[in-house]
Structures are given as C-alpha cells and as structure tokens.
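Okay, here's what each chain looks like letter by letter:
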Amino acid sequence: MNIPADIHERVVELTNAIIHAGQSGDAEAGESRYQELSDYCDAVAADGRDHPFLWETLGDFTDDDHDAIGLYLRALPLAISANAADYAASICLAVAERHSNLDAFDAARDYAQQAAAFASSTDDAPLRALINQFLLDHAEAADED
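Calculation notes
- Throughout, a residue's number is its position along its own chain's written sequence, starting from 1.
- Local features in this predicted model are restricted to residues of pLDDT 70 or higher, and side-chain atom pairs are both shown and tallied only at a pLDDT of 80 or more, whereas totals for entire chains, interfaces and linings draw on every residue.
- Each side-chain value is derived from all of the structure's non-hydrogen atoms; neither hydrogens nor water enter the calculation.
- We call a set of buried Ala, Val, Leu, Ile, Met, Phe, Trp, Tyr and Cys residues a nonpolar core when their side-chain atoms join them within 4.5 Å.
- Each residue gets one of three labels from its accessible area relative to the maximum for its type: buried under 20%, exposed over 50%, partly exposed in between, using a 1.4 Å probe on protein chains only.
- Every helix listed is a DSSP run of H or I at least four residues long, and every strand listed is a run of E at least two residues long, numbered separately from the N terminus.
- An expected span of 1.5 Å times one less than the residue number is assigned to each helix.
- Whenever Lys or Arg places a side-chain nitrogen within 4 Å of a carboxyl oxygen from Asp or Glu, that contact is recorded as a salt bridge.
- For Phe, Tyr and Trp, where Trp contributes only its six-membered ring, two rings pair if their centres lie within 6.5 Å, and the inter-plane angle classes them as stacked under 30 degrees, edge-to-face over 60, or tilted in between.
- Our definition puts a charge over a ring when NZ of Lys or CZ of Arg is within 6 Å of the ring centre and also within 35 degrees of the ring normal.
- For this analysis, a polar contact is any N or O atom pair within 3.5 Å, provided that within protein one partner can donate a hydrogen and the other can accept it, and provided that sequence-adjacent residues contribute only side-chain to side-chain pairs.
- Should any heavy atoms of two residues lie within 4.5 Å, those residues are considered in contact.

*Asks:* How should I be thinking about the nonpolar core in this particular structure?
*Replies:* Considering soluble globular proteins, one finds that nonpolar side chains tend to be buried as a cluster. Residues L54, W55 and I91 are the most contacted members of the largest nonpolar core, which totals 38 residues. Per-element tally for this core: the top contributor is helix α5 (residues 85-101), with nine residues.

This is the structure:
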C-alpha cells in the first residue's frame, strides 16, 4: 500500500521535529509538533485521503497507551480494507505492545496472534520475527493473566 509522497513527506517532517524537540529537551515544542501532526492527520482524513500510516504513526508518537490503542484501532480497519497485511500486522503488534504495557496480557496475546496471522501472508521476515518474539516473551505472562 503506497503512501502518497506529500503525506509521507509531511509526516516525516513533523515526526523529525518531534524527535528533535525530545532530544533537545523542549517538551513544549514536542507537544506543539505532536498537535500539528494530529491536526494534519485529521485534515488528510477529512479530505478523503485517509491512510493507516497516518494513525499508526500518530499512535507511535503518543505517550498514553490508551490513546495510542485508539489511534491504532482507527488505522486497523483502513489497513484491512486495503488488504495491506503488512500494515495490519504492524498495527496489531503495536496494539499488543500497548496492552502489555497496561498489564492486559490476554488482549496483548490476542492482538499478537492477529498480527501473526496477518504477517503470515507477507514476505516481511523481520516483522514476523518480532511478532513471534513478542508471543514467546509474553506467553507466560498471558497464562498468568
């Protein structure tokens, strides 16, 4: 699933600004650029050019696990409807990781298993390895949940 060049460039520009602000300790600038990214995602979606890349990236730059999960779950149906298994797998893994952070191990395992199912239809071996490692690392915790 291709990302339109103008969308990719703007998102990369804003995420680089967020990273730079964080590295320089300028929390206010980081929050401002994050809000700009959020507004940009909303504007692109409102223009009918919605893309899972927008919401997955915004989720990746969201500190609050609950908020991030909501953003990833906004991206997931876009990826599924576009038959973009690589995006769907990556998004499900991110949701699993955020659920794990919240000690919601059953939900984490469920999303990691969905990620594995999506990834099985891709040729992305590194992504499949990350998902499998997550499942191995969290198998015991899920059993205890």
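And the narrative resumes.
*Asks:* Teacher, can you tell me more about α5 here?
*Replies:* In an α-helix, one turn spans 3.6 residues; hence positions three or four apart end up facing the same way. In this model α5 runs 24 Å from its N-terminal to its C-terminal C-alpha over 17 residues, within 8% of the 24 Å that 1.5 Å per residue would give. Summarising burial for α5: 13 of the 17 residues are buried, a large majority. Looking at the residues trailing α5, positive phi occurs at D103, about 60 degrees.

*Asks:* Where do I start with the pattern of salt bridges in this structure?
*Replies:* Two side chains that carry opposite charge are able to pair once their charged atoms sit near each other. If you walk through the whole model with that rule in mind, you get seven salt bridges. A salt bridge links R49 to D6, with the nearest nitrogen and oxygen atoms 2.8 Å apart. One end of the pair, R49, is in the loop between α2 (27-46) and α3 (52-60); the other, D6, is in helix α1 (residues 5-24), and 43 residues separate them in sequence. We classify R49 as partly exposed; its relative accessible area is 34%. One salt bridge in this structure joins R98 and D65, with 3.1 Å as the shortest N-O distance. Pair noted here: R98 is in helix α5 and D65 is in helix α4 (residues 65-81), with a separation of 33 residues, a long-range link. On the basis of relative accessible area, R98 is assigned to the buried category, the value being 11%. Here D65 falls in the buried class, since its relative accessible area comes to 17%.

*Asks:* When you look at the packing of aromatic side chains in this model, what are you seeing that I'm missing?
*Replies:* To describe a pair of aromatic rings, one takes the distance between the centres and the angle between the planes. Applying the stated rule across the entire model yields zero aromatic pairs. Geometry around W55 places R74 over its ring, the cationic atom sitting 3.7 Å from the centre.

*Asks:* I would appreciate a short explanation of the side chain of T122 in the present structure.
*Replies:* Note on placement: T122 falls in the loop between α6 (105-119) and α7 (125-144). Side-chain polar atoms of T122 contact the backbone oxygen of A119, separated by 2.9 Å. Only 3.2 Å separates the side chain of T122 from the backbone nitrogen of D124, close enough to count as a polar contact. Setting aside its immediate chain neighbours within four residues, T122 contacts A85, D86 and R128.

*Asks:* Would you mind showing me how to read unusual backbone geometry here?
*Replies:* Only a minority of non-glycine residues have a phi that is not negative, and only a minority of peptide bonds are not trans. Residue N83 is not a glycine yet carries a positive backbone phi of 55 degrees. When you line up the elements, N83 lands in the loop between α4 and α5. Judged by its relative accessible area of 71%, N83 falls in the exposed class. One non-glycine residue, D103, lies in the positive phi region at around 60 degrees.

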